[in-house]
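Okay, here's what each chain looks like letter by letter:
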Amino acid sequence: FTSFTAVRAEEAKPFADATEIDLLTILPTPPANDSMQTKTELGEVLTLQVTRTPEMVANAQADAVEDVWRFANVMGPDFTKDKLPKFAAFFDRVVATEGAVVDPAKDVFNRPRPHQLSDLVKPAVKISNSGAWPSGHTTVGTLMGIVLSNMVPEKKAEIMARAWDYGNNRIVGGIHFRSDVEMGRIAGSVIAATIMRHDDFKAEYETARAELR
């Protein structure tokens, strides 16, 4: 049992961290809280709050988890953790990479979330008070989408559209501003481009892809 646990922990080791991918040197600083951009973005969040449908809320809530199985609606019914253990272990590491790269940058940028700037904002998803810039969910959704679409290039358009919705649902849910999500798409793309060059990534990617295909 102990060795199994150790293997699982090893599998979830990030492929890179903030020492290799420093988002502070890649992303601009967030707009000021009293800037016209932030006010406009807050207005969008508040508008969505009164116009979002129950279905939109349900989708945003379902997308609040950070895992690759949210792409099942594109990938089909056999796309499950039980059927793809090697693929699952590989994507555990992909997901872990997002946190290792993004969390330190969030702490420094320290942009407030919409509900922290305005009491009028009532998020429809689980509250988070970590820095908003960039959106971690959007970063990991973009990162997963890029890696997954490389494995299944014939579904690239559908997979990346799903990744786009995954990020957009953070605005629908009222937990992020639009520019947080845009920065997450940049961060996810940079992380993907970087870790694809790593030997351990390449080896595990091929094993995961073979199992998926």
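As a starting point, this report considers the structure included with it. Fair warning: this is a prediction, and the values are worked out from it, not measured in the lab. (Residues numbered from 1 in each chain as written. Predicted model: local features only at pLDDT ≥ 70, side-chain atom pairs only at ≥ 80, totals over all residues. Heavy atoms only, no water.)

## Points about helix α8 (residues 156–172)
Structurally, the α-helix is built with 3.6 residues per turn, so residues lying three or four positions apart point the same way. We apply this condition: Only DSSP runs of H or I reaching four residues or more are called helices, and only runs of E reaching two or more are called strands; each is numbered from the N terminus. Given the number of residues in a helix, its expected span is that number minus one, multiplied by 1.5 Å. Relative accessibility thresholds used throughout: buried, under 20% of the residue-type maximum; exposed, over 50%; partly exposed, between the two (1.4 Å probe, protein chains only). The contact rule is simple, with two residues in contact once any of their heavy atoms fall within 4.5 Å.
With 17 residues, α8 should reach 24 Å at 1.5 Å per residue; the first-to-last C-alpha distance of 24 Å fits that figure. Along α8, the residues classified as buried are Ile 159, Arg 162, Ala 163, Tyr 166, Gly 167, Asn 169, Arg 170, Ile 171 and Val 172. Contact partners of the buried residues in α8: α2 (36–51), α3 (54–62), α4 (72–75), α7 (136–151) and α9 (178–195). Of the residues one or two after α8, Gly 174 is the one with positive phi, at around 80°.

## Describing the pattern of salt bridges
The cut-off we apply is this: Salt bridge, as used here: a side-chain nitrogen of Lys or Arg that lies within 4 Å of a carboxyl oxygen of Asp or Glu.
Within this structure, the stated rule accounts for 10 salt bridges. Across the salt bridge formed by Arg 111 and Glu 41, the nearest N and O atoms sit 3.1 Å from each other. Linking Arg 111 in the loop between α5 (85–109) and α6 (114–117) with Glu 41 in helix α2, this pair joins segments that are 70 residues apart in sequence. For Arg 111, a relative accessible area of 3% translates into the label buried. Ionic pairing is found between Glu 154 and Arg 213, a salt bridge with its closest N-O pair at 2.7 Å. Taken together, the residues span a long stretch of sequence, with Glu 154 in the loop between α7 and α8 and Arg 213 in the segment after α10 (199–212) at a distance of 59 residues. For the pair shown, Glu 154 and Arg 213 are each scored as exposed. It is possible to trace a salt-bridge network through shared partners that takes in Glu 41, Arg 111 and Asp 180.

## Comments concerning the layout of surface pockets
Note the cut-off: Think of a 1 Å grid over the protein atoms and nothing else: a 1.4 Å probe that fits but is trapped marks a cavity, an open set flanked by protein within 12 Å on at least five of seven lines marks a pocket, and residues with an atom within 4 Å of a point count as lining. Grid points are joined across faces, edges and corners, and a volume is the space filled by probe spheres set on the points. Note on residue classes: Ala, Val, Leu, Ile, Met, Phe, Trp, Tyr, Cys and Pro are nonpolar, Asp, Glu, Lys and Arg are charged, and everything else, Gly too, is polar.
If you add up the space inside the largest pocket, you get close to 210 Å³. Around the largest pocket, the lining is made up of 16 residues, and of these Glu 66, Arg 113, Ser 128, His 137 and Arg 170 lie nearest the centre. For the lining of the largest pocket, the element with the most residues is α5, which contributes four residues. Residue composition of the lining of the largest pocket, grouped by class: three nonpolar, six polar and seven charged.

## Points about the packing of aromatic side chains
The test is simple: Between rings of Phe, Tyr and Trp, where Trp is taken as its six-membered ring, a pair exists when centres lie within 6.5 Å; planes separated by under 30 degrees are stacked, by over 60 edge-to-face, and by other angles tilted. Put simply, a charge is over a ring when the Lys NZ or the Arg CZ is close to the ring centre, within 6 Å, and near the line of the ring normal, within 35 degrees.
The full count for this structure, using the stated rule, is 10 aromatic pairs. Relative to Phe 201, the ring of Phe 15 has its centre 5.2 Å away and its plane inclined at 75°; by these criteria the two rings are edge-to-face. Here the residue Phe 15 occupies a position in the loop between α1 (2–11) and α2, and Phe 201 occupies one in helix α10, the gap between them amounting to 186 residues. Phe 201 sits in the buried class, given a relative accessible area of 3%. Here the aromatic residues Phe 15, Trp 69, Phe 79, Phe 87, Phe 90, Phe 91, Phe 201 and Tyr 205 are joined through ring pairs into a cluster of three or more. Across the ring face of Trp 164, the terminal group of Arg 185 is positioned such that the distance to the ring centre comes to 3.4 Å.

## Topic: α9
With 18 residues, α9 should cover 26 Å at 1.5 Å per step; its first-to-last C-alpha distance of 26 Å lies within 8% of that length. All of the buried residues along α9 are Ser 179, Asp 180, Val 181, Met 183, Gly 184, Arg 185, Ala 187, Gly 188, Ile 191, Ala 192, Thr 194 and Ile 195. Looking at the buried residues of α9, the elements they touch are α2, α5, α7, α8 and α10.

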